[in-house]
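Descriptive analysis of the structure
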Amino acid sequence: MKRLIPVIVILLLGTSLVYADDYEDGAVAARKGDFTTAAKKFELAAEQGHAQAQFTLGLLYGVGKGVQKSKNKSVKWYRKAAENGHAIAQYSLGMIYFEGYRELRNDEKSYKWLRKSAEQGYGDAQLQLGLLYWLGQGVDQNYKDAAKWYLLAAQQSNKDAQFLLASMYMEGQGVLQDDKEAMKWLRRAAKQGHAEAQKMLDLMRNRK
């Protein structure tokens, strides 16, 4: 499953968004590999409340690119971006509380931020939220809600969610047992190269 966003995301930012001047200058510097200048520009924009700059600055502090690595500053800027409604920052912060720095692990905060991101339609957050419901971690265990969030992520072509949803249909866990639905989602995951889905699909076909 996907975890925190890699540095390369900076280089893939869409050009359709209207960025603040400082953020745009930072993005240009990052594409050129000048992360020191990029970080300075991002911080100027972040201080002005620019959510994408806040998220990107959190990313840079998290990996020590263009700035001295600092988990505290990384979390600080992720939190500011998350509070500013940035869906990927909300997901990243939720994952930090879920499995990141040991001293920050907090099931309730993880659930809170993953839920906010999932409700904005971010597929990775929907998948992870489904897992929290399945585990009963940070929230009461509820297989029906787990299946609900897996489905939303699966509909966005998330192969892990497709596989997990198929597994729930096979077991009748949170949904009515339905081999046809299980096969449907296994096929979709398998087509995307999900190894476990491919194995399970073969087993189900051989059972017939």
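Definitions and cut-offs
Residues numbered from 1 in each chain as written. Predicted model: local features only at pLDDT ≥ 70, side-chain atom pairs only at ≥ 80, totals over all residues. Heavy atoms only, no water. Helix = DSSP H or I, 4+ residues; strand = E, 2+ residues; numbered from the N terminus. Buried < 20%, exposed > 50% of the residue type's maximum accessible area, 1.4 Å probe, protein only. Polar contact = N/O pair within 3.5 Å; in protein donor to acceptor, adjacent residues only side chain to side chain. Contact = heavy atoms within 4.5 Å. Salt bridge = Lys/Arg side-chain N within 4 Å of Asp/Glu carboxyl O. Core = buried A, V, L, I, M, F, W, Y, C linked by side-chain atoms within 4.5 Å. Phe/Tyr/Trp six-rings, centres within 6.5 Å; stacked < 30°, edge-to-face > 60°. Lys NZ or Arg CZ within 6 Å of the ring centre and 35° of its normal.

Moving on, we come to the environment of Arg-188. On the secondary structure map, Arg-188 appears in helix α10 (residues 179-191). Overall, the relative accessible area of 40% leaves Arg-188 in the partly exposed class. For the pair Arg-188 and Ser-157, spaced 31 residues apart in sequence, the C-alpha separation works out to 7.9 Å.

Glancing now at the side chain of His-194. Mapped onto the elements of the fold, His-194 is located in the loop between α10 and α11 (195-207). When its relative accessible area of 11% is taken as the criterion, His-194 is described as buried. Of the polar contacts made by the side chain of His-194, one reaches the backbone nitrogen of Ala-197; its length is 3.1 Å. In contact with His-194, not counting residues within four places along its chain, are Lys-159, Asp-160, Phe-163 and Ala-189.

This part is about the pattern of salt bridges. It is possible for side chains of opposite charge to pair when their charged atoms get near one another. In this structure the tally under the stated criterion is four salt bridges. A salt bridge links Glu-119 to Arg-115, with the nearest nitrogen and oxygen atoms 2.8 Å apart. Of this pair, Glu-119 and Arg-115 both sit in helix α6 (residues 107-119), four residues apart, which is roughly one turn of the helix.

Time to look at the nonpolar core. By size, the foremost hydrophobic cluster in this structure holds 38 residues, and its most contacted members are Tyr-133, Tyr-150, Leu-165 and Leu-186. Mapped by element, the contributors of at least two residues to this core are α5 (87-99), α6, α7 (123-135), α8 (143-154), α9 (159-171), α10 and α11. Once you skip the residues sitting within four places of it in the chain, Tyr-150 turns out to touch Leu-127, Gly-130, Leu-131, Trp-134, Ala-161, Leu-164, Leu-165 and Met-168. Core analysis: the next-biggest nonpolar cluster, separate from the first, contains 16 residues, Ala-29, Ala-38, Phe-42 and Val-67 among them.

Counted by the stated rule, this structure contains five aromatic pairs. Measuring from centroid to centroid gives 5.0 Å for Tyr-23 and Phe-42, while their planes differ by 35°, and the two rings are tilted. Placement of Tyr-23 in helix α1 (residues 21-31) and of Phe-42 in helix α2 (residues 35-47) is noted, with a sequence separation of 19 residues between them. When the ring of Tyr-111 is compared with that of Tyr-133, the centres are 5.8 Å apart and the planes differ by 90°; the resulting orientation is edge-to-face. On the criterion of sequence distance, the pair formed by Tyr-111 in helix α6 and Tyr-133 in helix α7 is long-range, its members being 22 residues apart. The residues Tyr-111 and Tyr-133 share a single accessibility class, namely buried. The positively charged end of Lys-80 is found above the aromatic ring belonging to Trp-77, 6.0 Å away from the centroid. The ring of Trp-185 has Arg-188 sitting right over it, with the charged end atom 4.6 Å from the ring centre.

Interpretation in functional terms is not warranted from these geometric data alone.
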